[in-house]
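# Structural characterization, general
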Amino acid sequence: MTTTTVAEWKPNATYPDPPEAGDRSRLERFIDAMLAMGQTGQVFGEHGIGKTSTFLSYIPRAHPGTEVVLVPAANLTPDDLLVNAPVRGDRGELALQQLIMRQLRPGRPFVLLIDDSLQAGDTIQSQLMQVACNWTLGEHDLRELGCVGVFLTDNESVAETSARRTDLAVLDRMVTLRITANDTAWRRHLASRHPDRDLTEVFRIWAGLGPYLRHLLSPRTLEHVLACAREGFPLRWGLPLLNGARVALAEPGADGSPGADRTDEILDRIAAAAGAANPGRIADPVRRILRAAVRNRWAVLLQGPPGCGKTEITKQVVAEEIGRPPVYFSLPVTNVEDLCVPIPSADGTLDVLMTRSLLSPDPKVLVWDEYNRPKDKSTFAKLMEVTQEWSLAGRPIPGLRAQVALQNPPYHLGRRLLVSSNNVAQASRFTVSYEVRPDDIPANQWLIDTYGQTAEVVLEWWKNDIDDEGREWVTKRTLERLIKLHHVGEPLETGLIYLGEGEYAPIPLAGLRHRLSGRRAVGIRDLAAEADDWEARLAAAGRHDEGTGDSDTVHQIFANAEVSQLREHLEVVARLLPHLPPKLRATYLVGQPEDKQRLWVDAFAMMAARAD
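Note that the structure is a prediction, hence the values are computed from the model and not measured.

It is worth spelling out the side chain of Asp 369 at this point. Mapped onto the secondary structure, Asp 369 falls in strand E16 (residues 364-369). No salt bridge is formed by the buried Asp 369; the nearest opposite charge belongs to Lys 310, separated by 6.1 Å.

Below is the structure:
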């Protein structure tokens, strides 16, 4: 067996010196041994420790001219590997012939990597076991097609795998290796992704965690945490959302009870070691996540309540970033055939016909709406291949710049939503997993731009007349229905969410009717219309350190107004600002989106100019 060095090595802050000859991970040594022996290798290890990535990076580097054919078994249907099709023979007669998937005829030596085979269906399991045991598939001998190695990689966790191999006739054909994160080259890979940062202390912190915490903070998740740090995002966004809830870095007690939540402590230490900040919040989070996803080729997950505007803002930002709308799929109505279908090809192999929207080489972003509401398991299996491998039926998707999954939480307003569950291996595929809040998305401005003064009135009611729980019931989608119903003169109650048995969402609408009837309600237009009077009232209130009720009224109007409203009445805003208590004025620049911060900078500049 020849010992190979790491080719194409580049120095980085973590590993400034090249690795020594023969410095290979345990998994890399196992790969070389199995190829030399011509033996099937079976590798077991937890999710996210770099099993698949080690094969994909090491084999082409250490064995030039050898291709890795990755078969994501959990995402396959029986017709993907092998199908019987009528073929006309040399004498013109039709006969059935077994057509094999095109990827297994690459035209050069290849290693077949069967990933997550224990998650495959029964028929696929049978096909894959024939491959693993005999290196054949149907009537085809893979050795004759160029196969020089076969490997299976799996996770034995019962939370992620429903099957076990128990047939001794099968088990006696393989060499099996159980590995941990210390047996792969994930540290070198991660260091190469951050060449300007010394990650030595980050790796030391990770190694110092207990086994359970290292399982939660897998190398893949650690990579996502560091990606968030590089973008200036809160590091917790890199932790996955498991069944709708953020994974907490907490070890169970000896009796199995939940232990102390160490998430903030551990992430703060990682941020300090990486020379990065770990902010609690950032302004305009949804748009910044989407822009970072397109810039960095990320897959991201946005989870938020129904009607908060996730889909619309995603479409808007994607169009701004790549100059075209995203490729959009809604999972409840997406079939496998909407993505791809296997077809016989002229060269006697089984090819895949992909949907037209995925074939263009132009830049594209995939949006998977209602991600946790798939139509069936087979469709979700295909989807998992796309989100995990950025390919479909083994074919890379050309021009794919980012993927955005949108979903609802399992519970909202105390009610169970009809969404599916996930496991940590599936959840940890997203670089950023973000829980969207209604105020994260600037839907208010869109309503004003679209529906004008009626929208302003309805938004003032929504902001000032109902409580926090009421605002959760009245989504931006509901607000739009209320506006439209008012325009056509229909009862507003019919626009609320209907709960059944004659019951609507428990929202009192008397205040909204009062406002829409044109009766007195103080808003920013009222301040502008009576600016002299309000300036005098605020000047009188200024004699009190904390201000008066008039100060609170103006402050609330300023805080709730949209940027376009404040910009329209900027001179009035600048006139009234000096009379508000300093502690109220200070809130206008803290935690605001960039456009609102610019507005307030202009307002304070105008206030200072008036004082001069």
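This is not the end of the story, as more comes after the structure.
What follows deals with the pattern of salt bridges. Summed over the entire model, instances satisfying the criterion amount to 33 salt bridges. A salt bridge links Arg 61 to Glu 28; the nearest nitrogen and oxygen atoms lie 3.7 Å apart. Here the residue Arg 61 occupies a position in helix H2 (residues 51-62), and Glu 28 occupies one in helix H1 (residues 26-37), the gap between them amounting to 33 residues. Classification of Arg 61 as partly exposed rests on a relative accessible area of 25%. A salt bridge links Asp 284 to Arg 287, with the shortest nitrogen-to-oxygen separation between them at 2.9 Å. What you see here is one network of salt bridges that share partners, running through Glu 28, Arg 61 and Arg 188.

Here helix H17 (residues 453-464) crosses helix H19 (residues 476-488) at 130°, and the two axes come no closer than 10 Å. Our classification of the angle between H17 and H19 gives oblique. H17 and H19 meet at a crossing whose hand is right-handed. From H17, Thr 454, Ala 455, Val 458, Leu 459, Trp 461 and Trp 462 reach across to H19, where they touch Lys 476, Leu 479, Leu 482, Ile 483, His 486 and His 487. Its residues placed into classes, the contact of H17 with H19 shows 8 nonpolar, 3 polar and 1 charged.

With that settled, consider the nonpolar core. Grouped together as the largest cluster of nonpolar side chains are 45 residues, with contacts concentrated most on Phe 151, Leu 217, Leu 222 and Ile 270. Counting 29 residues, the second largest nonpolar core, distinct from the first, contains Ile 282, Ile 313, Ile 322 and Leu 406.

Strand order across the open sheet formed by 5 strands is E2-E5-E8-E1-E9, with parallel pairing between neighbours. Edge positions in the open sheet fall to strand E2 (67-72) and strand E9 (174-178), since each of these has one partner strand only. Neighbour-to-neighbour, the strand axes of the sheet open up by a mean angle of 20°, direction not taken into account. Note: strand E1 (residues 40-44) against E9, 5 bridges, orientation parallel. Bridge pairing in E9 links Thr 40 to Met 174. Against the sheet, H1 engages E1, strand E5 (110-115), strand E8 (147-154) and E9, with an angle of about 175° to E9. Strand contacts of H2: E1, E2, E5 and E8, with the helix running at about 160° to E2, the strand carrying the most contacts.

If you walk across this open sheet you meet the 5 strands as E13-E16-E19-E12-E22, and the pairing is parallel. In the strand order of this sheet, the two ends are held by strand E13 (327-330) and strand E22 (432-435), each with one partner. Recorded for the sheet is a direction-independent mean angle of 15° between the axes of neighbouring strands.

A few words now on helix H7 (residues 200-207). Within H7, the full set of buried residues consists of Val 202, Phe 203, Ile 205 and Trp 206. Mapping the buried residues of H7 onto a view down its axis gives an arc of 160°, with all of them on the same face. On its buried face, H7 is in contact with helix H6 (186-193), helix H8 (211-216), helix H9 (219-231) and helix H10 (263-273).

On to the pairing of E2. The buried fraction of E2 amounts to 5 of the 6 residues, a majority that puts the element mostly inside the structure. When E2 meets E5, the two strands line up parallel, connected through 6 bridges. Bridging from a neighbouring strand, Val 68 pairs with Val 111 of E5.

It is worth spelling out the packing of aromatic side chains at this point. Scanning the entire structure with this criterion turns up 15 aromatic pairs. Ring geometry for Phe 233 versus Trp 237: centroids 5.3 Å apart, planes at 45°, classification tilted. Ring plane angle 10° and centroid distance 4.2 Å describe the contact between Tyr 588 and Trp 600, whose orientation is recorded as stacked. In this pair, Tyr 588 is assigned in the loop between helix H26 (582-585) and helix H27 (594-611) and Trp 600 in helix H27, connecting sequence segments 12 residues apart. Taken together, the aromatic side chains of Phe 233, Trp 237, Trp 298 and Tyr 434 make up a single cluster linked through ring pairs. Above the ring of Trp 462, the side-chain terminus of Arg 471 is found at 6.0 Å from the ring centroid. If you follow Arg 537 out to its NZ or CZ, it ends over the ring of Trp 534, 3.9 Å from the centre.

Looking now at the pairing of E1. For a regular strand, side chains alternate in direction, first toward one face of the sheet and then toward the other. Where burial is concerned, most of E1 is hidden: 5 out of the 5 residues are buried. Two strands pair when backbone bridges link them, and E1 and E8 are joined in this way by 4 bridges, in the parallel orientation. Bridge assignment links Val 43 to a residue of E8, and that residue is Thr 153.

So, on to the environment of Arg 513. For Arg 513, the position within the fold is in helix H20 (residues 510-516). Residues Arg 513 and Leu 267, 246 residues apart in the sequence, show an inter-C-alpha distance of 49 Å.

Following the sequence through the fold, Ala 85 ends up in strand E3 (residues 82-88). When the C-alpha positions of Ala 85 and Leu 96 are compared, they lie 5.4 Å apart, and in sequence the two are 11 residues distant.

Time to look at unusual backbone geometry. Its identity is not glycine, yet Asp 284 carries a phi of approximately 50°, on the positive side. Among the structural elements, Asp 284 can be located in the loop between H10 and helix H11 (285-296). Residue classification places Asp 284 among the buried residues on the basis of a relative accessible area of 12%.

Glancing now at the packing of H7 against H10. Two quantities define a packed helix pair, namely the angle between the helix axes and the distance between the axes. Taken N-terminus to C-terminus, the directions of H7 and H10 make an angle of 160°; their axes are 8 Å apart at the nearest point. The pairing of H7 with H10 is recorded here as roughly antiparallel in orientation. Of the two elements, H7 crosses H10, and the hand of that crossing is right-handed. Only Arg 269, Ile 270 and Ala 273 of H10 make contact with H7, whose side of the interface consists of Glu 201, Val 202 and Ile 205. Residue classes in the contact of H7 with H10 are distributed as 4 nonpolar, no polar and 2 charged.

Each value, and the rule that gives it
Residues numbered from 1 in each chain as written. Predicted model: local features only at pLDDT ≥ 70, side-chain atom pairs only at ≥ 80, totals over all residues. Heavy atoms only, no water. Helix = DSSP H or I, 4+ residues; strand = E, 2+ residues; numbered from the N terminus. Buried < 20%, exposed > 50% of the residue type's maximum accessible area, 1.4 Å probe, protein only. Lys, Arg positive; Asp, Glu negative; His and termini not counted. Salt bridge = Lys/Arg side-chain N within 4 Å of Asp/Glu carboxyl O. Axes fitted to C-alpha atoms, helices over the stretch in contact; angles between N-to-C directions. Parallel < 35°, antiparallel > 145°, perpendicular 65-115°, else oblique. Left-handed = near helix turned anticlockwise from the far one by under 90°. Contact = heavy atoms within 4.5 Å. Nonpolar A, V, L, I, M, F, W, Y, C, P; charged D, E, K, R; others polar. Core = buried A, V, L, I, M, F, W, Y, C linked by side-chain atoms within 4.5 Å. Pairing = 2+ DSSP bridges. Arc of directions from axis to C-beta. Phe/Tyr/Trp six-rings, centres within 6.5 Å; stacked < 30°, edge-to-face > 60°. Lys NZ or Arg CZ within 6 Å of the ring centre and 35° of its normal.

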